[in-house]
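Descriptive structure summary
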Amino acid sequence: MAALGRFSQALLRSSVAQTRRQLSAAAAGGHGEQSVRTWKILTFTVALPGVGVCMLNTFLKEHSHEHPEFVPYTHLRIRSKRFPWGDGNKSLFHNPHVNALPDGYEEH
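What this report covers is the structure whose coordinates are included nearby. If you're wondering where the values come from, they're calculated on a predicted model, not measured in any experiment. (Residues numbered from 1 in each chain as written. Predicted model: local features only at pLDDT ≥ 70, side-chain atom pairs only at ≥ 80, totals over all residues. Heavy atoms only, no water.)

**With respect to the packing of aromatic side chains**
What counts, and what does not: Only the six-membered ring of Trp is used, alongside the rings of Phe and Tyr, when aromatic pairs are assigned; centres must lie within 6.5 Å, and planes under 30 degrees apart are stacked while those over 60 apart are edge-to-face, with the rest tilted. For the purposes of this entry, the term helix denotes a DSSP run of H or I that reaches at least four residues, the term strand denotes a run of E that reaches at least two, and both are numbered from the N terminus. Burial classification: accessible surface area is computed with a 1.4 Å probe over protein chains only, and a residue below 20% of its type maximum counts as buried, one above 50% as exposed, and the rest as partly exposed.
Scanning all chains against the criterion turns up two aromatic pairs. Relative to Tyr105, the ring of Phe70 lies with its centre 6.2 Å away and its plane at 75°, an arrangement referred to as edge-to-face. One end of the pair, Phe70, is in the segment after helix H2 (32-61); the other, Tyr105, is in the segment after H2, with 35 residues separating them in the sequence. Residue classification places Tyr105 among the partly exposed positions, given a relative accessible area of 21%.

Written out as structure tokens, the structure is:
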């Protein structure tokens with residue numbers, strides 16, 4: 001039992017020493033403040049406008065999609081037994097706008 005205690009203390013000492021080395025190496029350079037400033041500027045000048053442009057693109061390009069023609073392939077939408085929820089024909093995350101039932105899309 002004492003050997004286990006010595007082993008765990010040796011592991012703890014080695015991990016603490018590695019952490020000290022990593023932290024002291026980063027702090028000794030004195031360039032941490034400049035790096036933080038650079039990333040903050042990049043965030044506000046590149047990342048946030050990029051997200052805004054992507055949102056604008058999505059908003060402007062948004063349009064309703066037509067259902068593709070339903071083809072009753074025999075290997076898709078196989079129901080060997082009913083689902084235990086609802087009417088038993090729809091999956092748990094069924095979306096009537098996107099997901100077809102075995103006999104076709106639902107009419108809205």
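**Focus on H2**
Definition in use: By this rule the span expected of a helix is its residue count minus one, scaled by 1.5 Å. Two axes define the bend at a residue: one fitted to the seven residues ending there, one fitted to the seven starting there, and the bend is the angle between them.
In this model H2 runs 42 Å from its N-terminal to its C-terminal C-alpha over 30 residues, within 8% of the 44 Å that 1.5 Å per residue would give. The largest bend in H2 is about 40°, located at Thr43. Within H2, only zero of the 30 residues are buried, leaving the element largely exposed.

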